[in-house]
Amino acid sequence: MTVILAFLVTIIALAFWWLLQQGVMSKPWLETGPMEEAAGRSGFPVERLGLGVFLVVIGSLFALFGSAFIMRMDLEIWPSLTLPPVVWINTALLVVASIFLRLATRRSDTRRLTRDTTIAGLATGGFLVGQLLAWRELQVVGDGLTSGPAASFFYMLSGLHGLHILGGILALGVLIARSGGDPDRTKLNVGLCATYWDFLLVVWIGLLLLFMGLANQLLDICRTILT
């Protein structure tokens, strides 16, 4: 339980630091000069604040599920889950999607921006298809939904992660369709998508470490430090 609380405190601290970096503590009523100039100096997009809060909630949700997985493992020994090889292809596709979204944040040309976001969307779609193939491979070798605790947790956590990915694809599709609009708004939306993808990539890597058994080693280190 101490490790869980420490992890949640870390997430909250990182979120608070990120909000400070975005200027959430600014005081626009103390700015001097023309109203437009003051608004430009202290304006904080509410979308960034909303995304930050949303990511904290998602991170806490996955942290709780991951903690439940680890505590369940401590109660009894169960057969480990062998991840199908397609999982690593899926991971590579998610990395590619994250990279191209980051490239899109630097584009001033609408055509290149649309190209990068489209590639990111296709790679993310490939990730979701690959996840379905991974589920299929697990069922073929006998690791179905009810075959054991490890398999059940994998289906649940990867499915939950996939739902968040799917929501991101829908938002990205809307962004691509409106890429010819206000350049500032488009740049903001691309940045939000890139941040969301980076976060989901980190969550996915954390899930892989969890199911590979490496998370237990990290927890042992954390317990040693905290005690």
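Located above this text is the structure these notes cover.
Summary of the structure given here. Note that the coordinates shown come from a computational prediction; the quantities given were computed from them, not determined experimentally.

Attention now moves to the overall build of the protein. For the protein, the helix and strand inventory stands at 8 helices and 0 strands. Along its sequence from the N terminus, the protein presents helices and strands in the succession α-α-α-α-α-α-α-α. Across the 227 residues that make up the protein, the buried fraction comes to 37%. Considering only intrachain contacts with a sequence separation of at least 6, the fraction spanning at least 24 residues in the protein is 79%.

A separate point is the pattern of salt bridges. Applying the stated criterion to the full structure yields 4 salt bridges. Between R102 and D198 there is a salt bridge; the shortest N-O distance is 2.8 Å. Remark: D198 occurs in helix α7 (residues 183–212) and R102 occurs in helix α4 (residues 86–104); sequence separation between them is 96 residues. Residue class for R102 comes out partly exposed when judged on its relative accessible area of 34%. D198 gets classed as partly exposed once you look at its relative accessible area, which sits at 23%. In this structure, R115 and D116 form a salt bridge, with 3.3 Å as the shortest nitrogen-oxygen distance. Of the residues examined, R115 reaches a relative accessible area of 40% and is grouped as partly exposed. Residue classification places D116 among the buried positions, given a relative accessible area of 0%.

Moving on: the packing of aromatic side chains. Aromatic ring pairs are reported here in terms of the distance separating the ring centres and the angle at which the planes meet. Taken as a whole and judged by the stated rule, the model has 6 aromatic pairs. With a centroid separation of 6.3 Å and an interplanar angle of 20°, the aromatic rings of F54 and Y196 are classed as stacked. In this pair, F54 is assigned in helix α3 (residues 46–75) and Y196 in helix α7, connecting sequence segments 142 residues apart. Residue classification places Y196 among the buried positions, given a relative accessible area of 9%. Ring-pair connections join several aromatic residues into one group, and the members of that group are W135, F154, Y155 and F211.

Definitions and limits used
Residues numbered from 1 in each chain as written. Predicted model: local features only at pLDDT ≥ 70, side-chain atom pairs only at ≥ 80, totals over all residues. Heavy atoms only, no water. Helix = DSSP H or I, 4+ residues; strand = E, 2+ residues; numbered from the N terminus. Buried < 20%, exposed > 50% of the residue type's maximum accessible area, 1.4 Å probe, protein only. Contact = heavy atoms within 4.5 Å. Salt bridge = Lys/Arg side-chain N within 4 Å of Asp/Glu carboxyl O. Phe/Tyr/Trp six-rings, centres within 6.5 Å; stacked < 30°, edge-to-face > 60°.

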